[in-house]
Amino acid sequence: MSKILLIGAGFSRNWGGLLANEVRSHLVSKLEKNSFLTILLHRHVGFESAFQELRLSYENNPNKDNFDNIEIFQNALIEVFKIMNQAFSKRGSMNFSQDRTYSIIEFLSRFDAIFSLNQDLLLEILYFEHIALEAPGKWIGAYCPGLQPDANWSSDKLNSKWFVNNDFEPQPYQQPIYKLHGSINWFESQGDGLNPLMVIGEKDRKSTRLNSSHEWISRMPSSA
């Protein structure tokens, strides 16, 4: 029987990751000079529903002001995630102890697949390339099915991009990581530019419309 692990924001919290309400607080700080977006955030409990309102406004009235509001909000959100990922990178290790008995990496390696609701890069930064050292004989690494990292991934995890390649074939001796809400560093080609891929919004609302046939990918608008 396969062993599957599902993780959410509470998991990243152990390494200093932000919960949804904390992301909202950071956004309020970054957008304090934009009264419209600040009021919008204060009107909502979470940042997802605030972004949802922006998306619905644009879909109902696709003018430049509504699009600009989405871009400003989205760029601020990306900056918040970037700061969080930088904090992960500075930790250097996912483990809290040098005692292998308490190794978080060894624990995660026991699962046949990991499903994550998080868009941060905690696993990419502190887990993917360390799994082979603590799970010898089972895994040589981890990967995201359907995605391909750029050539700079190993040397610059904070700024690397992952691109949709629709290759879902199992990779031998590599642990699959399924990020159900996409990721801050996922992109797909869109004309001459790139479209970032994250799921942000409320359930059963139009702005969380799904992309193609993959129910775990949703689009964030991009001016690229």
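Above: the structure in question.
Residues numbered from 1 in each chain as written. Predicted model: local features only at pLDDT ≥ 70, side-chain atom pairs only at ≥ 80, totals over all residues. Heavy atoms only, no water.

Engineer: Even after reading the chapter, I still don't get the overall build of the protein, so can you show me in this structure?
Structural biologist: Of regular secondary structure, the protein possesses 8 helices and 8 strands. Residues counted as buried form 46% of the 224 residues belonging to the protein. About 11,900 Å² of surface is accessible on the protein, with carbon and sulfur atoms providing 51% of the total. (Helix = DSSP H or I, 4+ residues; strand = E, 2+ residues; numbered from the N terminus. Buried < 20%, exposed > 50% of the residue type's maximum accessible area, 1.4 Å probe, protein only. Areas by Shrake-Rupley, 256 points an atom, 1.4 Å probe, with all protein chains shown as cover.)

Engineer: Help me understand the pattern of salt bridges, please; the structure alone is not making it clear to me.
Structural biologist: Two side chains that carry opposite charge are able to pair once their charged atoms sit near each other. Throughout the structure, instances matching the rule amount to 6 salt bridges. Its salt-bridge partner being R43, residue E53 comes within 2.5 Å of it at the nearest N-O pair. With E53 in helix α4 (residues 47-60) and R43 in helix α3 (residues 35-43), the pair connects residues that are 10 residues apart, well separated along the chain. The exposure class of E53 is partly exposed, given its relative accessible area of 26%. Close ionic contact of K157 with E129 constitutes a salt bridge, the shortest N to O distance being 2.8 Å. Placement of the pair is K157 in the loop between β4 (147-149) and β5 (162-164) and E129 in the loop between α7 (122-126) and α8 (131-134), with a sequence separation of 28 residues. For E129, a relative accessible area of 38% translates into the label partly exposed. (Salt bridge = Lys/Arg side-chain N within 4 Å of Asp/Glu carboxyl O.)

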